[in-house]
Amino acid sequence: MSLVLDPAAQDLLFREARTANTFTDEPVTDEQVQAIYDLVKFGPTAFNQTPLRITLVRSPEARERLIKHMAEGNQPKTAAAPLVAILSADNEFHEDLPALLPHFPQAKDMFFAERPVRENSALLNAALQAAYFIVGVRAAGLAAGPMTGLDFAGVQKEFLDDDHTPLMVVNIGKPGEDAWFPRSPRLAYDDVVTTV
């Protein structure tokens, strides 16, 4: 059985796409980022919650503040990328639920009144949204370099607040020279899928 998505799009989004390690100096515009978000915001989440928050690091001063919290191997990539985004989970996402889930506004208090429950849900659903965001970057013809090698507490203190949990930092731009490491292996279907 074939997929509905044409092979070129499959390659762009998945088979040929990899984490970029170098970028050209071509800028990434706010319009591009908005187009990416306006596409990926439709990805499914539990209760239609939208806990992902995106902090675009554009100024040289903010970039320097971020670089010091990145793992040593990630610092040069973060310094050179045209755009860097900090993806975080908003632990107070439930405040938007009455508008996002108008047929069930009581979900806000029924399921998410307790902070630990919100934090777990925000982390899972923001991670889903982060994955959609990475695929959206690829759909825009750009490359993403998602990284979790960073001082999470430092990034939170420097750029966020106690209501936002950092998930990752993503470098974004057109891939540069020698942007890709060789493709790493993936598990086969039979190694992953079980039928019961």
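Below: a short report on this structure. (Residues numbered from 1 in each chain as written. Predicted model: local features only at pLDDT ≥ 70, side-chain atom pairs only at ≥ 80, totals over all residues. Heavy atoms only, no water.)

Once that is clear, we can look at the sheet that holds strand β1 (residues 52-57). Strand order in this open sheet of 4 strands is β1-β2-β4-β3, and the pairing throughout is antiparallel. Either end of the sheet is taken by a strand with one partner, and the two such strands are β1 and β3 (143-147). Recorded for the sheet is a direction-independent mean angle of 30° between the axes of neighbouring strands. As paired strands, β1 and strand β2 (residues 83-90) are joined by 6 bridges and run antiparallel to one another. By the bridge assignment, V57 is partnered in β2 with V84. (Pairing = 2+ DSSP bridges. Helix = DSSP H or I, 4+ residues; strand = E, 2+ residues; numbered from the N terminus. Axes fitted to C-alpha atoms, helices over the stretch in contact; angles between N-to-C directions.)

Note that soluble globular proteins tend to have their nonpolar side chains buried in a common cluster. L87, V137, M168 and I172 are the most contacted members of the largest nonpolar core, which has 23 residues in total. Of all the secondary structure elements, the ones that give two or more residues to this core are α2 (30-40), β2, α7 (115-139) and β4 (164-173). With 6 residues, the top contributor of residues to this core is α7. Once residues lying within four places of it in the same chain are set aside, the contact partners of V137 are I36, L142, A143, A144 and I172. (Core = buried A, V, L, I, M, F, W, Y, C linked by side-chain atoms within 4.5 Å. Buried < 20%, exposed > 50% of the residue type's maximum accessible area, 1.4 Å probe, protein only. Contact = heavy atoms within 4.5 Å.)

Let us now look at the pattern of salt bridges. A side chain with one charge may pair with a side chain of the opposite charge, provided their charged atoms come close. Per the counting criterion, the structure on display carries 12 salt bridges. The closest approach of N and O atoms between K68 and E158, which form a salt bridge, is 3.5 Å. In this pair, K68 sits in the loop between α3 (60-67) and α4 (75-80) while E158 sits in helix α8 (residues 152-159), placing the two residues 90 residues apart along the sequence. Here E158 falls in the partly exposed class, since its relative accessible area comes to 24%. Look at the salt bridges and you will find they share partners, linking E92, R115, R118, E119 and D163 into a network. (Salt bridge = Lys/Arg side-chain N within 4 Å of Asp/Glu carboxyl O.)

This part takes up the packing of α2 against α7. In contact at an axis separation of 9 Å, α2 and α7 are set at 125° when each is read in the N-to-C sense. Taken together, α2 and α7 sit at an angle that is classed as oblique. For the element pair α2 and α7, the recorded crossing hand is right-handed. Contacts between α2 and α7 involve I36, L39 and V40 on the former and, on the latter, Y132, F133, G136, V137 and A139. Partitioned by chemical class, the residues of the contact of α2 with α7 number 7 nonpolar, 1 polar and no charged. (Parallel < 35°, antiparallel > 145°, perpendicular 65-115°, else oblique. Left-handed = near helix turned anticlockwise from the far one by under 90°. Nonpolar A, V, L, I, M, F, W, Y, C, P; charged D, E, K, R; others polar.)

Taken by themselves, the reported measurements are silent on function.
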